[in-house]
Each structure stands twice: as C-alpha cells, then as structure tokens.
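# Per-entry structural report
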Amino acid sequence: MQTVALGTSQLQVSKICLGTMTFGEQNSESEAHAQLDYALERGINFIDTAEMYPVMPRAETQGKTEQYIGSWLKKSGARDKVILATKVAGPSRGMHWIRSGENDLNAVNIRAAIETSLQRLQTDYIDLYQLHWPSRNAPIFGQKQFNPELERPHIAIAETVAVLADLIKEGKIRAYGVSNESAWGVSEFVRQAEQQQLPRLTSIQNACNLVNRAFEQGLDETCFRENVGLLAYSPLAFGQLTGKYADDAKAHGRLTIFPPTWSPRYTRASVLEASKRYAALARAHGLTPTQLALAWCYSRWYVTSTIIGATNLTQLKENIDAFDVQLSPDIMSAIETIHTEINNPGQ
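Residues numbered from 1 in each chain as written. Predicted model: local features only at pLDDT ≥ 70, side-chain atom pairs only at ≥ 80, totals over all residues. Heavy atoms only, no water.

## Overview of the overall build of the protein chain
- If you tally the helices and strands in the protein chain, you get twelve helices and ten strands.
- The C-alpha atoms of the protein chain give 19 Å as radius of gyration, which agrees with the globular expectation for 347 residues (20 Å, within 12%).
- Structurally, the protein chain occupies a C-alpha span of about 55 × 50 × 35 Å along its principal axes.
- Relative to its full complement of 347 residues, the protein chain shows a buried share of 57%.
- Sequence separation of 24 or more characterises 76% of the internal contacts of the protein chain that already satisfy a separation of 6 or more.
- Counting 33 positive and 36 negative side-chain charges, the protein chain places the averaged centre of each group 2 Å from the other. (Helix = DSSP H or I, 4+ residues; strand = E, 2+ residues; numbered from the N terminus. Rg over C-alpha atoms; globule rule 2.2 N^0.38 Å. Buried < 20%, exposed > 50% of the residue type's maximum accessible area, 1.4 Å probe, protein only. Contact = heavy atoms within 4.5 Å. Lys, Arg positive; Asp, Glu negative; His and termini not counted. Charge placed at Lys NZ, Arg CZ, Asp CG, Glu CD.)

Given below as structure tokens:
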C-alpha cells in the first residue's frame, strides 16, 4: 500500500483510508474490530471517523463509532501505527443531541468536541481534526448552487483557525482539515492562517465519485496551488456505483434501510441511469461496477486518499483489491462520454 504526504503536514497516509460510519449502526463492535484488523494487515494506516457517527445519526448511537475505534486501539496497541482522523460537527442540522444543538465552530464547542472524542477514542491526541461542515451558509450535501437567501449568523473562519492552532500548540491535534467545503472556503482558511501566522489547513474531505465530480470545478486547482490534500469520500455514491440498486431496487443497503430523505441526491433518477451505464461499462470489460468506480477514484491525480467503507470483510477486500485495477484508455474514454451526457447527477 502506497503512502503519501497529506498536504503541508508531516502526516504520511495510505492511499486508501478506512471509513467507519457504519460502526455502531450497521456493524457491531466485533465486526468493527475485524475490519480495523484487516485494514491494518493490508497496509492501511489511515482511519477516518467523526463525533456524530454512526450514520444514520441518532441520539441513541451517537459516539459509538469513536468508542469502537477506541476499544480497538486499546486492545490492539496500534495507536502509533495509525493516522487517526475525526471531525467536529458544525451547526446542528437537527442533531440537538450533540451539545444541545449548539454546535457552531467556536472555541467552546470545538474544545468540548475534542475532549469527548479523545475520551471515546482512548487517546491523548488526534492526528487530523476536521470541521465536518462549514459554519456559514454554503452549497453542500446536494445543494448545487449557492443561495444568498439562506445566509445566517456564523463563526468567522479567522476565529476557528485560531482555536485549531491553539489545539496544535497544546498537542491535542497534529493537523486540521475541512470537509464539505468550497473553493472560497479553502482559500479563506489559507488566507486567515497566513494573516495570523498560524498553521495552515492540510486537507479537505469532499464527496468524489463517478456521479459527483464537482471537485473538478475549481476546487482541484485551488487545492493543487495551496497544497491541500483531497480525502475523497463516498466513492461508491452510497452504493449506487456497486450496481446493486440497478440490479434490484430493493437491495439491502444504505439507500433502502435509511429513510429516503437521507442523502436524496443519490436517489435521483439521473444518478440511477448513470449508475446503470457505468455498471454496464464495467461488466463489458470484465470488471465489477465496484472495481470500475474505485479504480477511477484511486487513479485521480487530485485525490490524496480515498475513504472506503464496508459492512463486511468481503466488501472490504474487494474495495482494497480494486487499488490494483488499471483502467484502459478505452474505458477512460467511455467514462468521459457518460460523464458528458449525464453530468454530475449526484452533486
């Protein structure tokens, strides 16, 4: 497994990152530990989680994902072998059970979040601490355009940067990143850090997959020039790009066991149509749809590490093995044709 530098930080991360948001909802603690053991055996040293996990978010389960990772770290003694990333929730989005819904990205909330995450993870530092979504109004989670009518009070990026810099100085985190961010947001984080002569952000975690290539619309150049590494999440588009929903609309998975209001962008008719075409392309060339989707993501020059998730070891093995799949020029050309004809339906 290849490792690369993450942005401007000293962190060396594997090109595949293990996502964990199924731990505590779709996966038991023992299943979570088995996935972590297997990922480590395969050379994956990068683990991503969040204080709001598991998904789907519920008051009864919130924090279980970090707890399961913490118990594994204690049992395995592997803390110094992994790069551990977690996230602080932004303004509530209806999750009143996280700090009573008062989740904006100021010093009080960030410090409360980091302390509870450290306790659950049974560690005294986080390698990469991420802002799960912006404080301000921004076009995220399937909102395709910026809407100024949705403006709301928010915490200035300058204030958030100062808090994160203090946490680095105190040794509680080694680096920080953003998630679900825009090109303007990344640029503003860089500007504020430079103005205050504080540590810069090192990464951005955004959706990136065959039906959502929005990162290529400006964020790619911004992150290249500012040396901010992309951690690509949802490379299988909530399972759509595995082909299973195209084969059986009632197939067991996130899109059928969670309410249809959860991430509706991946249930659009255009996403299903594009997924069917990508699945057919894969099978015509002797690949599984999963191999095609992941091999495409793994090969993007702008992706530092791809976050994969699974609910069983068979899926996890296929996801990791896809790293060795090379897509031919003919396949890449066909992918671009589909992308042109059905442009970013999952954005």
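## Thoughts on the pattern of salt bridges
- This structure, assessed with the given rule, holds 20 salt bridges.
- A salt bridge links aspartate 321 to arginine 42; the shortest N-O distance between them is 2.8 Å. Residue aspartate 321 is located in helix α11 (residues 313-321), and its partner arginine 42 is located in the loop between α1 (29-41) and β4 (46-48); the two are separated by 279 residues in the primary sequence.
- Residue class for arginine 42 comes out partly exposed when judged on its relative accessible area of 27%.
- The network of salt bridges with shared partners includes Glu25, Arg58 and Glu60. (Salt bridge = Lys/Arg side-chain N within 4 Å of Asp/Glu carboxyl O.)

## Concerning the pairing of strand β10 (residues 303-308)
- Burial within β10 is extensive, with six of its six residues counted as buried.
- One ladder, built from three bridges, connects strand β3 (residues 16-19) with β10; its direction is parallel. From the neighbouring strand, cysteine 17 faces β10, where its bridge partner is isoleucine 307.
- As judged from the three bridges shared by strand β9 (residues 229-233) and β10, these two strands associate in the parallel manner. (Pairing = 2+ DSSP bridges.)

## What about the packing of helix α5 (residues 183-196) against helix α6 (residues 219-226)?
- Between α5 and α6, the least distance of the axes is 9 Å, while the angle of their chain directions is 20°. It follows from the interaxial angle that α5 and α6 lie roughly parallel. Between α5 and α6 lies a crossing whose hand is left-handed. Facing Ala183, Val186, Ser187 and Val190 of α5, the residues of α6 in contact are Leu219, Thr222, Cys223 and Glu226.
- Its residues placed into classes, the contact of α5 with α6 shows five nonpolar, two polar and one charged. (Axes fitted to C-alpha atoms, helices over the stretch in contact; angles between N-to-C directions. Parallel < 35°, antiparallel > 145°, perpendicular 65-115°, else oblique. Left-handed = near helix turned anticlockwise from the far one by under 90°. Nonpolar A, V, L, I, M, F, W, Y, C, P; charged D, E, K, R; others polar.)

## Describing the sheet that holds β3
- Taking strand neighbours around the barrel as the criterion, the eight strands line up as β3-β4-β5-β6-β7-β8-β9-β10 in a closed arrangement whose pairing is parallel. In this sheet, neighbouring strand axes are inclined to one another by 30° on average, regardless of whether the strands run parallel or antiparallel.
- Of the strands in this sheet, β6 (126-131) and β7 (173-179) touch helix α4 (residues 157-169), which is tilted by about 150° from β7.
- The sheet contacts of α5 involve β6, β7 and β8 (203-207), and relative to β7 the element is tilted by about 145°.

## Description of the nonpolar core
- Counting residues in hydrophobic clusters, the biggest one holds 98 residues, and the most contacted among them are Leu327 and Ile335.
- Among the elements that take part in this core, helix α10 (residues 289-298) stands out by supplying seven residues, more than any other.
- The next biggest cluster of nonpolar side chains, apart from the first, holds eleven residues, and it includes Ala50, Val55, Met95 and Ile140. (Core = buried A, V, L, I, M, F, W, Y, C linked by side-chain atoms within 4.5 Å.)

## Remarks on the layout of surface pockets
- Estimated volume of the second largest pocket: approximately 400 Å³.
- Classifying every residue of the lining of the second largest pocket gives nine nonpolar, nine polar and three charged. (1 Å grid on protein atoms, 1.4 Å probe; cavity = no way out; pocket = protein on both sides within 12 Å on 5 of 7 lines; lining within 4 Å. Points joined across faces, edges and corners; volume = space filled by probe spheres on them.)

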